[in-house]
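Notes for the structure review
If you want the building blocks of each chain, they are given just below.
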Amino acid sequence: MASPRLFVFGLGFTARVFADRLKAEGWRIAATCRGEDKRAALEAQGIEAFLFDRGRPLEDARAALAGTTHLLVSVPPDERGDPVLDQHAMDLADLRTLDWAGYLSTTGVYGDTKGEWVGEAAWLRPTGERQKRRVEAERGWLNLYRQYGVPMHLFRLAGIYGPGRSALDNVRDGTARRVDKPGQVFSRIHVEDIAATLRASMDKPTLGAVYNVADDLPSPSHEVVSYACGLLGVEPPPLVPFEEAGLSPMAASFYADCRRVKNDRIKRQLGVALAYPDYRAGLDAQFAAESGR
């Protein structure tokens, strides 16, 4: 019997961690990328690679997707919509070997709750254009399930961090800043806990389900930077009021919303036990691994 096959649209930071986990279990992995150099690199690592982008659909979608048992979509929508849905919705609807499919969305779809806790059943009130596009993409993926039975699951991810993309890395490369906006908190999730949640969903599929993926401790970003500085034994950068920080429009947009994201559904329904229930646990583990402890 052939081993299960995961097909990933968009092998980014999170999807790669998850794919590597399944590859270590003996799964076959296929993924899309944008350029020939990346394609060659993935092929050299034992991953089937296919070129894909807006305006460049899979060259032979039927052949590329053949034998796929599990699908993960991590390509974000653009100004025109979701490029995977726009170009391959019917190919996926016709894929009879598919047992599970997941779409990586964002908790940004909830908008600003003024710091209140928010669960999966809450109204979606996105405040920015990127978040509004995510809401439309979610609807498109759920419609693919409702109309054609594609076994979709939505995962609304909080702010993602992990080795190579954490406050420790930002402090080391000099990009860390401590911006103070009183009352502002952010929810986060370690990339390994995302991978564990996706794996748990594969074992307990609930078609059409929506899951928040966040840790237990929403916190101000400046506290996280201070903690990372403490681990590294360096002086934290100065605390700067939000109004005086001179943030780019993109950076400032992250401060437009304030919410605390509930994660009880992944624990109750999927049995997920977070390896890193707060940023301290995640940064401690990364620092220990880097220090050889």
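All figures in this text were calculated on a predicted structure; none of them were measured in a lab. (Residues numbered from 1 in each chain as written. Predicted model: local features only at pLDDT ≥ 70, side-chain atom pairs only at ≥ 80, totals over all residues. Heavy atoms only, no water.)

Some thoughts on the environment of R39
Rule in force here: Strands are runs of DSSP state E lasting at least two residues, helices are runs of H or I lasting at least four, and both sets are numbered from the N terminus onward. Whether a residue is buried, partly exposed or exposed follows from its accessible area with a 1.4 Å probe, protein chains only, as a fraction of its type maximum: under 20%, in between, or over 50%, in that order. We call two residues in contact when some of their heavy atoms are within 4.5 Å.
Summarising the element assignment, R39 is placed in helix 2 (residues 36-44). On the accessibility criterion, R39 (29% relative accessible area) is partly exposed. Put simply, R39 and A49 are 10 residues apart on the chain and 5.4 Å apart in space, counted from C-alpha to C-alpha. Leaving out residues up to four positions away in the same chain, R39 has contacts with C33, A49 and L51.

Notes on the pattern of salt bridges
As a reminder, the rule being used: Salt bridge, as used here: a side-chain nitrogen of Lys or Arg that lies within 4 Å of a carboxyl oxygen of Asp or Glu.
Following the criterion strictly, the structure yields 19 salt bridges and no others. One salt bridge in this structure joins R5 and E48, with 3.1 Å as the shortest N-O distance. Of this pair, R5 sits in strand 1 (residues 5-9) while E48 sits in strand 3 (residues 48-51); the two residues are 43 residues apart in sequence, bridging distant segments of the chain. Each of E25, R199 and D203 takes part in one network of salt bridges that share partners.

Focus on the sheet that holds strand 1
The condition is simple: If DSSP finds at least two bridges between two strands, the strands pair. Only the stretch in contact is used when a helix axis is fitted, and all axes are lines through C-alpha atoms; the angle between N-to-C directions ranges over 0 to 180 degrees.
Pairing is parallel across the open sheet formed by 7 strands, whose spatial order is 3-2-1-4-5-7-11. Two strands bound the open sheet, and with one partner strand each, they are strand 3 and strand 11 (210-213). Going from strand to strand, the sheet's axes swing by 20° on average, the running direction of each strand aside. Of the pairings in the sheet, the one linking strand 7 (residues 152-157) to strand 11 comprises 4 bridges and is parallel in character. Bridge pairing links F155 to Y211 in strand 11. Packed on one face of the sheet, helix 2 meets strand 2 (28-33) and strand 3 and runs near 165° to strand 3.

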